[in-house]
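Tertiary structure, described
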Amino acid sequence: MTTTALKEPVRETSPGAAREPRPRTGRIRRIGLPYLLLLPALLLELLVHLVPMVIGIVMSFKELTQFYIRDWGTAPWSGLGNYKVSVDFDAPVGEALLHSFFVTVGFTLLSVALCWLIGTAAAIYMQDTFRGRGLLRALFLVPYALPVYTAVITWVFMFQHDNGLVNHVLHDQLHLTDRPSFWLIGDNSFYALLTVSVWKGWPFAFLIVMAGLQNIPKELYEAAALDGAGIWQQVRRITLPSLRPVNQVLVLVLFLWTFNDFNTPYVLFGKAAPESADLISVHIYQASFVTWNFGTGSAMSVLLLLFLLVVTGVYLLFTSRGRRAADA
Amino acid sequence: MPRTDSALAPPRSFVWSRRVFLTLLTGFVLVPVYVMVSSSLKPLADVSGKFRWLPSGLTVRPYIDIWSTVPLARYFMNSLIVAGAATIASVAIAVFAAYAVSRYEFRGKRVFTVTVLSTQMFPGILFLLPLFLIYVNIGNATGIALFGSRGGLILTYLTFSLPFSIWMLIGYFDSVPRDLDEAAMVDGCGPLGALFRIVVPAAVPGIVAVAVYAFMTAWGEVLFASVMTNDATRTLAVGLQGYSTLNDVYWNQIMAASLVVSVPVVAGFLLLQRYLVAGLTAGAVK
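Residues numbered from 1 in each chain as written. Chains lettered and ligands numbered in written order. Predicted model: local features only at pLDDT ≥ 70, side-chain atom pairs only at ≥ 80, totals over all residues.

1. Comments concerning the overall build of chain B
Broken down by element type, chain B carries 13 helices and 0 strands. Counting from the amino terminus, chain B carries its helices and strands in the arrangement α-α-α-α-α-α-α-α-α-α-α-α-α. Against the globule reference of 19 Å for 286 residues, chain B gives a C-alpha radius of gyration of 24 Å, more extended than a compact globule. In terms of principal-axis extent, the alpha carbons of chain B reach across some 75 × 70 × 35 Å. Looking at chain B residue by residue over its 286 residues, the buried ones come to 46%. Considering only intrachain contacts with a sequence separation of at least 6, the fraction spanning at least 24 residues in chain B is 75%. (Helix = DSSP H or I, 4+ residues; strand = E, 2+ residues; numbered from the N terminus. Rg over C-alpha atoms; globule rule 2.2 N^0.38 Å. Buried ≥ 20, exposed ≤ 12 C-beta atoms within 10 Å, placed from the backbone. Contact = placed C-beta atoms within 7 Å.)

What follows is the structure, encoded as structure tokens:
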């Protein structure tokens, strides 16, 4: 996204500018003013996002182990060494990265799908007024409003082996399992992570879809009702197609946030994530801070960024093409 | 709403599926909230042994002990300062930037918006360490301590909410008719006068929504807080983990502390959620 945008010609012929000629007064101030207004935002984005990203890319080509941390500029160049280590899938480092990548992809797809589904269903069901709607809406937003760590810590408590709610309900009350299960280690941890992620994430989809629904003209429904379309048909023929532009952005944002999520797995599992729930950002964090090998960690981050760039690009290409086809 | 007319009342199948779905969802949402609230009032024996739905007795002891088990008041203060300052700065900067993009044509406008938005997709882990190095180097060169200080965290957090805030406010400002601020300028206001007298008052819901988002982002962030703070500047996000690294895990205290930490944000969010929905409707999803 960034790179394509940078290559584009800077001069813009916007329809707004062409439509109405601007008053000539204070023209010089007008030219300088927008840049002045943007300056703080620009400086901060440079300091916190863009410059660090460039440094991160440089670091990925260096042999930056703990001996060079104090003065990272003196670390020797390693060419593509860090990348070779990261993608050598026969060696332990690459194999673990690949595994973590697949876990993250699976986790993200499931989580985004569930968040979107629950959020959209709830928003559509709550489109009409009924008693208790306001209260329910406030309640549904609570998981989103809770700070991540307090929400996740509560789930950690619920997933405890001996004194947690989940085992109490599944084992003691419903007798579904032979013995209390471990939820935060072993294979179950994937489902634990997914549950927490969906619990925390769906209200955002709900919020956005709810806002999107308010922009659908009421006349559309009235016309459809006059034509004899039932409520299910209205949902299918009017609501869902009208939500398409909203969904395009929503799904992308959910995907990127979930894929990059660090807070949830970090608080849920601590520094050592179980293998079945080894999400990529925690994996890279560990590769960097636990083994103190920042070069490899940076290379992995760059690969992650490249992957996200490609996915985002392809996604935008296909969705906007689909949208254009639908409009035509 | 038009569809609540009796002639157009939703069919039974819709009403029943809605009832079932919303009931299940309410349960899913509420159980952790119930666990948090009830456990925070339980004696230690209740949370150490088998889980029980109903406490054997109620006690407010956890709410007293949380302040001495870890220096919670200090973490609270740090979080308040960091999140508060980051919010104010982020909103102010976003207002200026969004005004520029919404009202002016200039070279590089598209590059700016696309670049700012695309920072949203950067994995935090990619710039964590470089940022750490930059802050340390700025500190060494100028004596301004950014690493380990609240200032560094404020700078970092305000840029986290900046892209979304700018994006949302552009949409919101676009919906304020241009004629209004041009009329104000004819009446002798400068561009900034028009911004503060006309555009900002008309965009209050959007600005409130952005402020809520910025505060929540800063209040809840864990990754940078865990690397960039020290004992004196530790925020709640890291500080709260202090309860669980002890040998005896005081779950009732953890739940009490979680609740105390959550209440200001959740209450603020629920009070202002109308603005957020209105702001999203006018800005982000238009």
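Read on for the rest.
2. Brief notes about the overall build of chain A
Assigned secondary structure in chain A consists of 16 helices and 0 strands. Residues counted as buried form 39% of the 328 residues belonging to chain A. Here the contacts in chain A between residues at least 6 apart in sequence split such that 65% fall between residues at least 24 apart.

3. A few points about the UniProt feature "transmembrane region" (unreviewed entry) in chain B
Residue and element names in this part refer to chain B. UniProt's feature table lists "transmembrane region" (unreviewed entry) at residues 20–37, 75–99, 111–134, 154–173, 194–216 and 250–272, given in the numbering used throughout. The distance separating the terminal C-alpha atoms of residues 154–173 is 26 Å; by composition the span is 100% helix and 0% strand. Between the end C-alpha atoms of residues 194–216 the distance is 30 Å, and the span holds 96% helix and 0% strand. (UniProt positions renumbered as here; feature names shortened; annotations may be inferred.)

4. Re the packing of helix 5 (residues 92–125) of chain A against helix 10 (residues 189–213) of chain A
Residues and elements named next belong to chain A. Where helix 5 contacts helix 10, the axes come no closer than 6 Å and their chain directions differ by 40°. On the basis of their axis angle, the class for helix 5 and helix 10 is oblique. Crossing of helix 5 over helix 10 shows right-handed handedness. When its residues are assigned to classes, the contact of helix 5 with helix 10 shows 19 nonpolar, 5 polar and no charged. (Axes fitted to C-alpha atoms, helices over the stretch in contact; angles between N-to-C directions. Parallel < 35°, antiparallel > 145°, perpendicular 65-115°, else oblique. Left-handed = near helix turned anticlockwise from the far one by under 90°. Nonpolar A, V, L, I, M, F, W, Y, C, P; charged D, E, K, R; others polar.)

5. Digging into helix 5 (residues 109–118) of chain B
Listing the buried residues of helix 5 of chain B in full gives Phe112, Thr115 and Val116 of chain B. Across the axial projection of helix 5 of chain B, the buried residues extend over an arc of 95°, all falling on one side. (Arc of directions from axis to C-beta.)

6. Considering the nonpolar core
Nonpolar side chains in soluble globular proteins tend to be buried together. By size, the foremost hydrophobic cluster in this structure holds 163 residues, and its most contacted members are Ala97 and Leu169 of chain B. With 16 residues, the single largest contributor to this core is helix 4 (residues 72–103) of chain B. Apart from residues lying up to four places away in sequence, alanine 97 of chain B is in contact with Leu37, Leu38 and Ala41 of chain A together with Ile166 of chain B. (Core = buried A, V, L, I, M, F, W, Y, C linked by C-beta atoms within 7 Å.)

7. Some words on the interface of chain A and chain B
On the side of chain B, 87 residues touch chain A, which itself brings 89 residues to the contact. Of the residues in the side of chain A that touches chain B, the class split is 61 nonpolar, 21 polar and 7 charged.

8. Considering the packing of helix 5 of chain A against helix 1 (residues 12–39) of chain B
Relative to each other, helix 5 of chain A and helix 1 of chain B sit at 125°, their axes nearing to 11 Å. Considering their axes alone, helix 5 of chain A and helix 1 of chain B lie oblique with respect to each other. Considering the relative orientation of helix 5 of chain A and helix 1 of chain B, their crossing is left-handed. Only Arg18, Phe21, Leu22 and Leu25 of chain B of helix 1 of chain B make contact with helix 5 of chain A, whose side of the interface consists of Ile118, Ala121, Ala122 and Tyr125 of chain A. In the contact of helix 5 of chain A with helix 1 of chain B, the residues fall into 7 nonpolar, no polar and 1 charged.

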